[in-house]
Amino acid sequence: MQKSAVKPIYPCLFSIYPVLYLISTNSRALCFEDVIKALLLALVLGLFLYGSFFLILKNPDKAALVCALFILLFFSFGHIGNLLSLFEIKYLDFYLTILWGLIFSGLTYCILRTQNPSRFRIFLNSIAGILVIANLLFIVLVFLSSPKAEINSDKLWPLTQPARTAIAGHPQPAPSEDLPDIYYIILDSYERADKLQQYYHFDNSGFIYALESRGFYVAGASRSNYLFTYYSLPSSMNMIYLNDLPPDIFSSLTSSLKTSYVLDFLKLQGYKVIQFKSGDWVTDQLNADVSVNQSVSQTTTYRLNAFELMLAQTTLLHTFYNFLSPWNNETQHDLRNSLVQDNFIQQRFNIQNTFLHLPDYAGQNGPFFIFAHVPSPHYPYIFGPNGENVDINAANYLLNTGLKDHSPYTNQMLYINQLTLDSIDRILSQSSKPPVIILASDHGHDLIFDPEKPDAAGLDLRSANLIAIYYPDQAYQALYPSISPVNIFRSVFNHVFGASFPLLLDITYYHPAPDLKAVSSTVRFQDACLLYNICAVERQQ
């Protein structure tokens, strides 16, 4: 094949490669709607740049080389900036922008002086093609390994019996007009009180006392069974350890609430399931009868989704998030503020609106199961201790890296405490019959937790979670301090419905983060209680 017959298509391929790479490394947590706009925009950007440089240079090969250079510099800026930020260089983005401009100018001059630029066509087309195809294949593999359909829990349940215990069988439905509404409120990344005192020197005893004074049982030694929401909530909503399942069933339940034994059981009792959507791709898949979708109707500007923000942070747009000129120390005009403020507004509205409307079903004819996953005090840190706006840099919207100061987390926790207690008070006062309320976190905080290099202290902090349960009759004899999420609904169903679910051994498993696991690999779960001895004190209580 003659070189003249080969078109320089590599600028367009290079423009979509960074987007495909980011999709492939986060594919388990993304859906098609999250990424398609970014992918199309990147392709349009490549075509537009190539066409613009061609009109200026009148040479397709030189235009392609200059375009590819610009794309390389544009999409690498944020990555290089994040690496260099470890050295805490003042005005890093300002100087890096100047350096990028010099590099582009110098290499563009060299390209324009090149006598035979067409000799690069086949090589660059091949490199770009390989990169794009490799990422597309990985994305396809992830898609093929993802759940294709819901698994009926009647088929699932016999498979979920760990060898160490026996299931007494399905409790028989016992519908009754007197059944209580059941609230399951998950506060994401809410840390256990004693660990807040130990690692943060933060006293949260006032909140714990407030719960206990309202009649809650607070488990003082609870730990999550898993370290990430994608495993923790599917486990608690199916009352099982996911790693006890066959590989195909495990893959279908991971990062998904489409199948839930808890919901199937409650629906047999006549419950209607109400879900308050959080915007989290995993928890919003719940098979609810009614989904309360939060939105800010007055917002008219386009809001970047989480993937688009993450992509922007890897590009030259990174400088618009963080750039402050050396001669201007005022942060209120930071362009990053205008780019992400709408996302903060939406997140704030979602959280406040969820707590505001949780009691809406209290006075209605039920029974209802109300599910609310509140993505807080997990970052982004968008609330001050009294609900006020916080500095956008402290909020650290996309990533939690480099955040050594824990005050944004504990300040946000103080406000979440206020919202939680207010909502609970209104639920209790407005309920036509006394409800059951489960207040829990899916895992603890990650201030010192490194999922790739676990240690005892990091696992101790990450796994110590909140569990508080309210029964109308205050009969808490069957509850115990070290109860874990896998046993929450076993205990609640035994108490409310007279079921006979045996309690499982409370274990915390270490495992890689779901988005760090290769699609073809097998997840290795390690008993962190045994290997790191983090549960010894709790089990003695």
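Above: the structure in question.
The structure reproduced in this document is the subject of the present report. (Residues numbered from 1 in each chain as written. Predicted model: local features only at pLDDT ≥ 70, side-chain atom pairs only at ≥ 80, totals over all residues. Heavy atoms only, no water.)

### A word on the overall build of the chain
- Each helix and strand counted, the chain has 20 helices and nine strands in total.
- Classification of the 541 residues of the chain by burial places 53% in the buried group.
- Restricting to contacts in the chain with at least 6 residues of sequence separation, those with at least 24 account for 75%. (Helix = DSSP H or I, 4+ residues; strand = E, 2+ residues; numbered from the N terminus. Buried < 20%, exposed > 50% of the residue type's maximum accessible area, 1.4 Å probe, protein only. Contact = heavy atoms within 4.5 Å.)

### Points about the packing of aromatic side chains
- Scanning the model with the defined rule gives 37 aromatic pairs in all.
- With a centroid separation of 5.1 Å and an interplanar angle of 85 degrees, the aromatic rings of phenylalanine 74 and phenylalanine 75 are classed as edge-to-face.
- Classification of phenylalanine 75 by relative accessible area gives buried; the value is 7%.
- One aromatic cluster is present, formed by Tyr184, Tyr261, Phe265, Tyr271, Phe369, Phe371, Phe489, Phe493, Phe497 and Phe501 through successive ring pairs. (Phe/Tyr/Trp six-rings, centres within 6.5 Å; stacked < 30°, edge-to-face > 60°.)

### Examining unusual backbone geometry
- Cis rather than trans, the peptide bond between serine 376 and proline 377 has omega equal to 15 degrees.
- Tracing the backbone through its elements, the reader meets proline 377 in the loop between β5 (368–374) and α15 (392–395).
- The step from tyrosine 379 to proline 380 runs through a cis peptide bond, and the omega angle for that step is 15 degrees.
- With phi around 65 degrees, serine 189 is a residue other than glycine that occupies positive phi space.
- Residue placement: serine 189 occurs in the loop between β1 (182–187) and α7 (193–200).
- Of the residues examined, serine 189 reaches a relative accessible area of 1% and is grouped as buried.
- A positive phi angle is found at methionine 239, which is not glycine, with a value near 60 degrees.
- Tracing the sequence through the fold places methionine 239 in the loop between α9 (229–238) and α10 (247–253).

### Looking at the pairing of strand β3 (residues 272–276)
- Burial within β3 is extensive, with four of its five residues counted as buried.
- Relative to β5, β3 is paired through five bridges, and the arrangement is parallel. Following the sheet pairing, valine 273 is matched in β5 by phenylalanine 369.
- Of the strand pairs in this sheet, β3 and strand β4 (residues 290–292) are connected by three bridges, and their pairing is parallel. If you follow glutamine 275 over to β4, its bridge partner there is serine 291. (Pairing = 2+ DSSP bridges.)

### Points about the pattern of salt bridges
- Under the criterion given, the structure shown has eight salt bridges.
- Across the salt bridge formed by aspartate 194 and arginine 192, the nearest N and O atoms sit 2.7 Å from each other.
- Here arginine 214 ties to aspartate 425 by a salt bridge, and the two come within 2.6 Å at their closest N and O atoms. In this pair, arginine 214 is assigned in the loop between α8 (205–213) and β2 (217–218) and aspartate 425 in helix α16 (residues 407–430), connecting sequence segments 211 residues apart.
- On the basis of relative accessible area, arginine 214 is assigned to the partly exposed category, the value being 27%.
- The network of salt bridges with common partners includes Lys195, Arg223 and Asp460. (Salt bridge = Lys/Arg side-chain N within 4 Å of Asp/Glu carboxyl O.)

### Quick look at the nonpolar core
- Of all hydrophobic cores here, the largest spans 81 residues; its most connected members are Tyr184, Met237, Phe369, Phe489 and Phe493.
- In terms of residues, this core owes the most to one element, α16, which gives eight residues.
- Ignoring any residue separated from it by four or fewer positions in sequence, one finds methionine 237 in contact with Tyr184, Leu257, Ser260, Tyr261, Val262, Leu263, Leu286, Phe369, Phe371 and Phe489.
- In this structure, Phe14, Leu22, Val66 and Trp100 belong to the second largest nonpolar core, which totals 34 residues. (Core = buried A, V, L, I, M, F, W, Y, C linked by side-chain atoms within 4.5 Å.)

### Some details on the packing of helix α3 (residues 60–84) against helix α4 (residues 92–113)
- Across the interface, α3 lies against α4 with an axial gap of 10 Å and an inter-helix angle of 160 degrees. Compared by their axis directions, α3 and α4 come out roughly antiparallel. In this structure, the crossing between α3 and α4 has a hand that is right-handed. Counting all contacts with α3, which are made through Lys62, Leu65, Val66, Leu69, Phe70, Leu73, Ser76, Phe77, Ile80, Gly81 and Leu84, the residues of α4 involved are Leu92, Asp93, Leu96, Thr97, Trp100, Ile103, Phe104, Leu107, Thr108, Ile111 and Leu112.
- Classifying every residue of the contact of α3 with α4 by side-chain character gives 16 nonpolar, four polar and two charged. (Axes fitted to C-alpha atoms, helices over the stretch in contact; angles between N-to-C directions. Parallel < 35°, antiparallel > 145°, perpendicular 65-115°, else oblique. Left-handed = near helix turned anticlockwise from the far one by under 90°. Nonpolar A, V, L, I, M, F, W, Y, C, P; charged D, E, K, R; others polar.)

### Some words on the packing of helix α11 (residues 261–268) against helix α18 (residues 488–497)
- Where α11 meets α18, the axes come as close as 12 Å, and the angle between the chain directions of the two elements is 10 degrees. In terms of orientation, α11 and α18 fall into the roughly parallel class. In this structure, α11 uses Val262, Phe265 and Leu266 to contact α18, whose residues at the interface are Phe489, Phe493 and Phe497.
- Tallied by class, the residues present in the contact of α11 with α18 amount to six nonpolar, no polar and no charged.

### Structural notes on the sheet that holds β5
- If you trace the seven strands from one edge of the open sheet to the other, you get β2-β7-β6-β1-β5-β3-β4, paired in mixed fashion. Two strands bound the open sheet, and with one partner strand each, they are β2 and β4.
- Running over the sheet, α11 touches β1, β3 and β5 and is turned about 155 degrees from β5.

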